[in-house]
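What the coordinates show
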Amino acid sequence: MEASQYHLPVLLQEVIDNLQIRPDGTYVDATFGGGGHSRAILSQLGPNGRLLVFDQDEDAYRNRIEDERVTFVQHNFRHLQRFLKLYKATEADGILADLGVSSYQFDTAERGFSTRFEGNMDMRMDTRSPLTASQVLQTYSEKALHLLFQEYGEVTNARTLAKTIVTQRKTHPLRTISEFKSLIQPIVKGNPQKYLAQVFQALRIVVNDELGALKELLQQSAQVLKPGGRLAVITFHSLEDRLVKNFMKTGQFEIQDSSYDFTTAPPPKTFQLITKKPITAGDAELKQNTRARSAKLRVAEKI
């Protein structure tokens, strides 16, 4: 399959410009997907450059680049440090993470990521993982469901949604997208498309532990980047963006309150911000790829 069919890389030129790629450097694409960003990075590398790419998705692995400078790691990027050590690439010049679900994943009905198709309620990025969206819906407590829809989907009636699922699942199957949509249809509020997108986002985040994996990636990037090395992260919703922004700014995931404790020294700064505000897609890209509209690129340099 052609990479262009698989996934249009967002903010491609902006990523390449901000990574400031050295021809003999070592780079990491933590989210290979269709390989669009990877191919662009590779085109800037000389014969001694290296590119390590991570993707736990079997479809992405089948789409891998055959090049002796490229090492494909078929694992979640939360294992960044371990595999860079394994492949003797412990000092990176640049790391990129594009946190969006690939177009191919969205458009493959049986993966269960999209509300537009019929398929199983799956949503696993790594099909080797045991937890599916269907299992979350069938087994999580009402309180846990309420919290996940509220926190990860910002669903307006998260409590009602959780109660409905727990009440109805005793007699109704929740294996497929159509079964789930049918079950919650009476309580959908506002724009049905937006509502379902928020609900699906919340389930996907939980199934793949996306925020936990992102925190691990950010912490490990501070360990493996060389001084002067750059970290570029593209986010697609506010939960991710907040974590990235805070970490790049302070080295922590939560902003501390203003009542400063003078007995404790603040943690030393790890990164210098390159982008004071996030970079977003221009009109030309938005015309070509509507999925770029919520993309935000933040870049920081290791001190």
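Right above here is the structure, for reference.
Summarised in this report is the structure supplied together with it. (Residues numbered from 1 in each chain as written. Predicted model: local features only at pLDDT ≥ 70, side-chain atom pairs only at ≥ 80, totals over all residues. Heavy atoms only, no water.)

1. So, the overall build of the chain
To be explicit about the condition: Strands here mean DSSP runs of E at least two residues long; helices mean DSSP runs of H or I at least four residues long; both are numbered from the N terminus. For every residue, the accessible area (1.4 Å probe, protein chains only) is compared with the maximum for its type, and the residue is labelled buried under 20%, exposed over 50%, or partly exposed between those bounds. Whether two residues are in contact is decided by their heavy atoms: any pair within 4.5 Å suffices. Each accessible area value is a Shrake-Rupley result obtained with a 1.4 Å probe; residue values ignore everything except the protein chains displayed when judging cover. As used throughout, the charge tally considers Lys and Arg to be positive and Asp and Glu to be negative, leaving His and the chain termini uncounted. One atom stands in for each charge, and that atom is NZ of Lys, CZ of Arg, CG of Asp or CD of Glu.
Helices and strands together make up the secondary structure of the chain, namely 14 helices and seven strands. Dimensions of the chain along its principal axes, counting C-alpha atoms only, are 60 × 55 × 40 Å. Across the 303 residues in the chain, those meeting the buried criterion constitute 52%. Taking contacts inside the chain between residues at least 6 apart in sequence as the whole, the part at least 24 apart equals 68%. Total accessible area computed for the chain in this model is approximately 15000 Å², and 49% of it derives from carbon and sulfur atoms. Positive and negative charge centroids in the chain, built from 39 and 35 side chains respectively, lie 5 Å apart.

2. Regarding the pattern of salt bridges
As a reminder, the rule being used: Each reported salt bridge corresponds to a side-chain nitrogen of Lys or Arg within 4 Å of a carboxyl oxygen of Asp or Glu.
This structure, assessed with the given rule, holds 16 salt bridges. Across the pair Arg-62 and Glu-58 runs a salt bridge whose closest N-O atoms are separated by 3.7 Å. A residue pair is termed a helical-turn pair when its members lie 3 or 4 positions apart in one helix, as Arg-62 and Glu-58 do in helix H4 (residues 58–62) at four residues. With its nearest N and O atoms 2.8 Å apart, the salt bridge here joins Asp-122 to Arg-124. Among the residues examined, Arg-124 registers a relative accessible area of 16% and is labelled buried.

3. As for the pairing of strand E4 (residues 92–98)
Basically, it comes down to this: We treat two strands as partners when DSSP finds at least two bridges between them.
Of all the seven residues making up E4, seven are buried; the element is thus mostly covered by neighbouring parts of the structure. In the sheet, strand E1 (residues 26–29) pairs with E4 via three bridges, with the strands oriented parallel. Of the residues in E4, the one forming a bridge with Asp-29 is Leu-96. As defined by bridge partners, E4 adjoins strand E5 (residues 225–235) across six bridges and the pair is classed as parallel. Looking across to E5, one finds that Leu-96 is bridged to Ala-232.

4. So, the sheet that holds E1
Put simply, the test is: Every axis in this analysis is a line fitted to C-alpha atoms, fitted for helices over the stretch in contact. Angles between the N-to-C directions lie between 0 and 180 degrees.
Spatial ordering of the open sheet is given by E3-E2-E1-E4-E5-E7-E6, a layout of seven strands whose pairing is mixed. The open sheet terminates on both sides in strands that have one partner only, identified here as strand E3 (70–73) and strand E6 (271–273). Direction aside, neighbouring strands of the sheet carry axes that sit 20° apart on average. As judged from the six bridges shared by E5 and strand E7 (residues 296–302), these two strands associate in the antiparallel manner. Across the sheet, the residue bridging to Arg-230 is Glu-301, located in E7.

5. Observations concerning the packing of aromatic side chains
Heads up, the condition is: Centre distance within 6.5 Å is the pairing criterion for rings of Phe, Tyr and Trp, where only the six-membered ring of Trp is used; planes under 30 degrees apart are then read as stacked, over 60 as edge-to-face, and the remainder as tilted.
Evaluated as defined, the whole model comprises six aromatic pairs. Between the aromatic rings of Phe-32 and Phe-72, the centroid separation amounts to 5.3 Å while the plane-to-plane angle is 75°, which identifies the pairing as edge-to-face. Of this pair, Phe-32 sits in the loop between E1 and helix H3 (36–44) while Phe-72 sits in strand E3, and the two are 40 residues apart along the sequence. Neither Phe-32 nor Phe-72 differs from the other in exposure class; each is buried. Note on Phe-247 and Phe-253: the rings are 5.3 Å apart at their centroids and 20° apart in plane angle, and the pair reads as stacked. Phe-253 matches Phe-247 in its accessibility class, with the two residues each being buried. In textbook terms, an aromatic cluster arises when at least three aromatic residues are bridged by ring pairs, as seen for Phe-32, Tyr-61 and Phe-72.

6. Some remarks on helix H2 (residues 12–19)
Of the residues making up H2, those classed as buried are Val-15, Ile-16, Asn-18 and Leu-19. Buried residues belonging to H2 abut E1, H3, E4, E5 and E7. One or two positions beyond H2, positive phi appears at Gln-20, with a value near 45°.

7. Examining the side chain of Thr-71
By the element assignment, Thr-71 lies in strand E3. Setting aside residues up to four positions removed in sequence, Thr-71 forms contacts with Arg-50, Leu-51, Leu-52, Val-53 and Tyr-87.

8. Some points on the pairing of E1
Stated formally: Crossover handedness is defined here as right-handed if the route from the first strand over the helix to the second strand goes clockwise, with the strands pointing away from the viewer.
The alternating pattern of E1 places Thr-26 and Val-28 on one face and Tyr-27 and Asp-29 on the opposite face, and all of these are buried. Tracing the backbone out of E1, into H3 and back to the parallel element strand E2 (residues 50–54) gives a crossover that is right-handed.

9. Some points on the side chain of Asn-76
Applicable threshold: Any N or O atom pair separated by 3.5 Å or less is treated as a polar contact, with the protein-specific requirement of one donor-capable and one acceptor-capable atom, and with residues adjacent in sequence counted only for side-chain atom pairs.
Here Asn-76 is to be found in the loop between E3 and helix H5 (80–86). Take Asn-76: its relative accessible area is 13%, and that puts it in the buried class. For Asn-76, the side chain forms a polar contact with the side chain of Gln-56, separated by 3.3 Å. Not counting the four nearest positions on each side in its chain, Asn-76 is found in contact with Phe-54, Gln-56 and Ala-213.

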